[in-house]
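Inside the fold
Here is how the chains run, residue by residue.
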Amino acid sequence: MDTKPFNSPKYPARFVGLDIGGSKTRGIVWTDGVISSDSSVGSTNVQNVSAQTAQSNMTELFTLLDATGATEVFAGAGGVDTDDDAAALRALIAPFVPSAKVTVVHDTRLLLAAAGATEGVAVIAGTGSAAWGANAAGVEARAGGWGYLLGDEGSGYWLGREAVRHSLRRMDSGEPADDLTVALLDYCGLSSPGELIAHFHQGTTRRYWAASSPVIFAAAARGHEHALALVDQAGADLASMAAKVAGQLGISGPIVLGSGMGSNVPALQEAFKARLAERGITDVHILAQDPIFGIPLLVGQARPVRAA
């Protein structure tokens, strides 16, 4: 994380950055070029939680943040695919900072900026998944990001769901619970695979199943054949998204992988790199800091420099 202060006409004296994910929302206030406030709460994305929960969490976040006097808010959020999506999120944020300009973008833009790049492809592998990129001409493209009901391949939620499906298939075939199923049942606090059906459909959340992904990675590390296949498939699906965006933009990199799993799970990173290498794409980077730290670059790009 780059903690050097910045203070120039490119930046407002105080601004707020928000990274709104499927599992949590992190907010940072920068004042005179340094971080003056930093807090996290649950998700405030209405595509992942109810409007009431989003409102409650946003209220809690701005109670924790010292955003008084902020003149700009820059937010990145998953699922911001249309102007209406962005407008709905601006309407949620604006009452907490009534004098500030509020900008909302898809959260993949934060990821690329956090890597210090203004062109390339960013791939999110967290609770959900998506790829977005831009080239030197300013052309943008994206792939994935359809949400958990239609896609999110390679995401934490996808891995958790596929582990459940594996366990239920074994049950239907009359096979005993294997190492992966036993570990999954332990995570869920259940005693038999059949209980997974009701548990999955009643009362659990996307965040809950995304948080089960370490179970799959641990089983893969122990050599479990199906867990290994799931990790490889996740890397392949994420690589496919990246390649599609790069192809649309006519570029070969840089490709930046980040978010919760993307930045922290070496097995997934290696699978991702290997599948891109098969396509001849080798300019691949793993994001070493949270995407929210790309916001100052985006704020600076968006503001005209005024003469003193």
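Residues numbered from 1 in each chain as written. Predicted model: local features only at pLDDT ≥ 70, side-chain atom pairs only at ≥ 80, totals over all residues. Heavy atoms only, no water.

**Remarks on the nonpolar core**
The biggest cluster of nonpolar side chains holds 47 residues, and the ones touching the most others in it are Val121, Val123, Leu196, Ile216, Ile255 and Phe272. Examining the composition of this core, we find that 12 residues originate from one element, helix H9 (residues 225-249), more than from any other. In this view, isoleucine 255 contacts Val121, Val123, Ala242, Ala246, Phe272, Leu276, Ile281, Asp283, Val284 and His285; residues no more than four positions away in its chain are not counted. Leu18, Val41, Leu89 and Val102 belong to the second largest nonpolar core, which has 24 residues in total. (Core = buried A, V, L, I, M, F, W, Y, C linked by side-chain atoms within 4.5 Å. Buried < 20%, exposed > 50% of the residue type's maximum accessible area, 1.4 Å probe, protein only. Helix = DSSP H or I, 4+ residues; strand = E, 2+ residues; numbered from the N terminus. Contact = heavy atoms within 4.5 Å.)

**Points about the environment of glycine 260**
Looking at the secondary structure, you find glycine 260 in helix H10 (residues 259-264). Under the relative-accessibility criterion, glycine 260 is labelled partly exposed at 42%. Separated by 27 residues in sequence, glycine 260 and glutamine 233 have C-alpha atoms that sit 18 Å apart. With sequence-adjacent residues up to four places away left out, glycine 260 is seen in contact with Ala125 and Gly126.

**Some words on the side chain of serine 212**
Inspection of the secondary structure assignment puts serine 212 in the loop between helix H7 (206-210) and helix H8 (213-221). Residue serine 212 is classed as buried on the basis of its relative accessible area, which comes to 0%. A distance of 2.6 Å separates a polar atom in the side chain of serine 212 from the backbone oxygen of tryptophan 209. In this view, serine 212 contacts Gly160, Leu184 and Tyr187; residues no more than four positions away in its chain are not counted. (Polar contact = N/O pair within 3.5 Å; in protein donor to acceptor, adjacent residues only side chain to side chain.)

**Observations concerning the sheet that holds strand E7 (residues 129-134)**
Read from one edge of the open sheet, five strands run E8-E7-E6-E9-E10, paired in mixed fashion. Unpaired on one side and paired on the other, strand E8 (140-144) and strand E10 (284-286) mark the two borders of the sheet. Taken pair by pair, the neighbouring strands of this sheet meet at an average axis angle of 15 degrees, ignoring direction. Bridging between E7 and E8 involves five bridges; their strand directions are antiparallel. Residue pairing for E8: tryptophan 132 is matched across the bridge by arginine 142. Here helix H11 (residues 266-278) sits on the sheet in contact with strand E6 (120-125), strand E9 (255-258) and E10, set at roughly 170 degrees to E10. (Pairing = 2+ DSSP bridges. Axes fitted to C-alpha atoms, helices over the stretch in contact; angles between N-to-C directions.)

**Concerning the side chain of threonine 108**
Tracing the backbone shows threonine 108 in helix H3 (residues 108-114). If we ignore the near neighbours within four places in the chain, the residues touching threonine 108 are Ala122, Ile124, Ala130, Ala131 and Trp132.

**Things to note about H9**
The end-to-end C-alpha distance of H9, which contains 25 residues, comes to 36 Å, matching closely the 36 Å that a straight helix rising 1.5 Å per residue would cover. Just beyond H9, the residue with positive phi is glycine 250, at close to 70 degrees. (Expected span 1.5 Å × (residues − 1).)

**Here we look at the environment of alanine 271**
As for its position among the elements, alanine 271 is in helix H11. Other than its neighbours up to four places away in sequence, alanine 271 contacts Val231, Asp232 and Gly235.

**Let's talk about the pattern of salt bridges**
Enumeration according to the criterion identifies 11 salt bridges in this entry. A salt bridge links glutamate 175 to arginine 170; its shortest N-O distance comes to 3.6 Å. The partner of arginine 222 in a salt bridge is aspartate 179, and the shortest N-O contact between them spans 2.9 Å. Here arginine 222 is found in the loop between H8 and H9, whereas its partner aspartate 179 is found in helix H5 (residues 179-188), with 43 residues between them in sequence. A residue is classified by how much of its surface remains accessible, and arginine 222, at 49% relative accessible area, is partly exposed. (Salt bridge = Lys/Arg side-chain N within 4 Å of Asp/Glu carboxyl O.)

**Considering the sheet that holds strand E4 (residues 72-77)**
As summarised here, the arrangement of the five strands in space is E3-E2-E1-E4-E5, forming an open sheet in which the pairing is mixed. If you trace the sheet from one side to the other, it starts and ends with strand E3 (34-42) and strand E5 (101-106), each paired once. Between one strand and the next, the sheet's axes are offset by a mean angle of 15 degrees, whatever the strand orientation. Taken together, the six bridges between strand E1 (residues 14-20) and E4 define a ladder with parallel strand orientation. What sits directly across from isoleucine 20, in E4, is alanine 77. Across the sheet, helix H1 (residues 51-64) lies against E1, strand E2 (24-31) and E3, angled at about 155 degrees from E3, the strand it touches most.

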